[in-house]
Amino acid sequence: MKTKAKIAVLVLALAFVCQGCGIYSFSGASIPAEAKTVSVEYFPNHAQLVNPTLSNNFTNALRDAMTNQTTLDMVESGGDIAFEGEITDYNTVPVAITSGQTAAMNRLTIKVNVRFSNRIDETKDFEQSFSRYEDYPSDQDLNSVQESLTSTIIEQLVEDIFNKALVNW
């Protein structure tokens, strides 16, 4: 048997063995083999300052991460792995004050409360707040940088939530 053929057989065998172990995602996720579905409920915005697109953007980003980084099927509700929660804070504050008592930098912060349920292994369930921020120069209006800042923050929040729920680090 040629070397390339041996390698191909070994790779296929390894793929079948790994799938049976319950760890079957190249993202590092550790998902029970019995889990077949995931649900991500809509995350309403309960922050005092409301960004009208934030709820949709965050919910869709979390759904995309679950479908792109796992082999689970997305369902409306009641998934074997389930996420729900709400956006609890969206604010901007000055963080770097100059000698003239003016802000040199501002900080946009987004905070999300997440309830995670693992119907296969309930010891993995949790409720936790996740918070991320990005700084921006005070000479820029929030409206002009808001879209890029929220996109970056959402990406970081989704990664934190994914890691907490599905990666055993």
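Residues numbered from 1 in each chain as written. Predicted model: local features only at pLDDT ≥ 70, side-chain atom pairs only at ≥ 80, totals over all residues. Heavy atoms only, no water.

S.K.: Can you tell me about the overall build of the protein, naming the residues and giving the values?
M.R.: Counting its regular elements, the protein contains three helices and five strands. For the protein, the succession of helices and strands along the chain, N to C, is α-β-α-β-β-β-β-α. For the protein, buried positions account for 34% of its 169 residues. For the protein, restricting intrachain contacts to residue pairs at least 6 apart in sequence, the fraction spanning at least 24 positions comes to 65%. Approximately 10,100 Å² of the protein is accessible, and the part contributed by carbon and sulfur atoms is 52%. (Helix = DSSP H or I, 4+ residues; strand = E, 2+ residues; numbered from the N terminus. Buried < 20%, exposed > 50% of the residue type's maximum accessible area, 1.4 Å probe, protein only. Contact = heavy atoms within 4.5 Å. Areas by Shrake-Rupley, 256 points an atom, 1.4 Å probe, with all protein chains shown as cover.)

S.K.: Can you tell me about the nonpolar core, naming the residues and giving the values?
M.R.: Ranked by size, the top nonpolar core spans 37 residues in total, and within it F58, L62, F83 and L166 carry the most contacts. Only β1 (37-40), α2 (54-69), β3 (81-97), β4 (103-118), β5 (126-137) and α3 (142-166) provide two or more residues apiece to this core. In terms of residue count, the dominant contributor to this core is α3 (eleven residues). (Core = buried A, V, L, I, M, F, W, Y, C linked by side-chain atoms within 4.5 Å.)

S.K.: Quick rundown of the packing of aromatic side chains? Include the residues and the values.
M.R.: Overall, the coordinates contain four aromatic pairs when judged by the stated rule. Ring centres of F43 and F58 lie 4.9 Å apart, and the angle between their planes is 70°; this geometry places the pair in the edge-to-face category. A residue pair is termed long-range when its members are at least 10 positions apart, and F43 in the loop between β1 and α2 and F58 in helix α2 qualify at 15 residues. Using a relative accessible area of 0% as the deciding quantity, one classes F43 as buried. Here the aromatic cluster, defined as three or more aromatic residues joined through ring pairs, consists of F83, F116, F126 and F130. Residue placement shows K164 over the ring face of F126; its charged tip is 5.2 Å from the ring centre. (Phe/Tyr/Trp six-rings, centres within 6.5 Å; stacked < 30°, edge-to-face > 60°. Lys NZ or Arg CZ within 6 Å of the ring centre and 35° of its normal.)

S.K.: I'd like to hear about α2, residue by residue, with values.
M.R.: Note that an α-helix has 3.6 residues per turn; residues three or four places apart therefore point the same way. The terminal C-alpha atoms of α2, which comprises 16 residues, lie 22 Å apart, in line with the 22 Å expected from a rise of 1.5 Å per residue. By the burial criterion, the buried members of α2 are L54, S55, F58, T59, L62, A65 and M66. With its buried residues spanning 125° around the axis, α2 presents them on a single face. Next to the buried residues of α2 lie β1, β2 (73-74), β3, β4 and α3. (Expected span 1.5 Å × (residues − 1). Arc of directions from axis to C-beta.)

S.K.: So what's going on with the confidence of the model for the protein? Residues and values would help.
M.R.: Interpretation of the predicted coordinates at a detailed level should be avoided for regions scoring low in pLDDT. Mean pLDDT for the protein: 86, with 81% of residues reaching 70 or above. Ranking the helices and strands of the protein by mean pLDDT puts β1 first, with 98, and helix α1 (residues 3-20) last, with 48. Per-residue pLDDT stays below 50 along residues 8-27; that stretch engages in 19 contacts with residues further than four places along the chain or on separate chains. (pLDDT = per-residue confidence, 0-100.)

S.K.: Outline the sheet that holds β4, supporting the account with residue identities and numerical values.
M.R.: Sheet architecture is open: five strands sit in the order β2-β1-β3-β4-β5, paired in mixed fashion. Looking at strand neighbours, the two that pair on one side only are β2 and β5, the edges of this open sheet. In this structure, β3 lies alongside β4, joined through 15 bridges in antiparallel fashion. Paired with E84 across the bridge in β4 is R115. In this fold α2 packs onto β1, β2, β3 and β4, with an angle of close to 125° to the strand it touches most, β3. (Pairing = 2+ DSSP bridges. Axes fitted to C-alpha atoms, helices over the stretch in contact; angles between N-to-C directions.)

S.K.: Requested: an account of the side chain of T70, with residues and values cited.
M.R.: The topology assignment puts T70 in the loop between α2 and β2. Polar contacts involving the side chain of T70 include one to the main-chain amide nitrogen of L72, which spans 3.3 Å. (Polar contact = N/O pair within 3.5 Å; in protein donor to acceptor, adjacent residues only side chain to side chain.)

S.K.: With reference to specific residues and values, describe the environment of L166.
M.R.: For L166, the location among the structural elements is in helix α3. Residue class for L166 comes out buried when judged on its relative accessible area of 1%.

S.K.: How would you sum up the environment of K36? Please name residues and give values.
M.R.: Secondary-structure assignment places K36 in the loop between α1 and β1. Separated by 45 residues in the primary sequence, K36 and I81 place their C-alpha atoms 8.3 Å from one another. Among residues more than four places away in sequence, those in contact with K36 are L72, D73 and D80.

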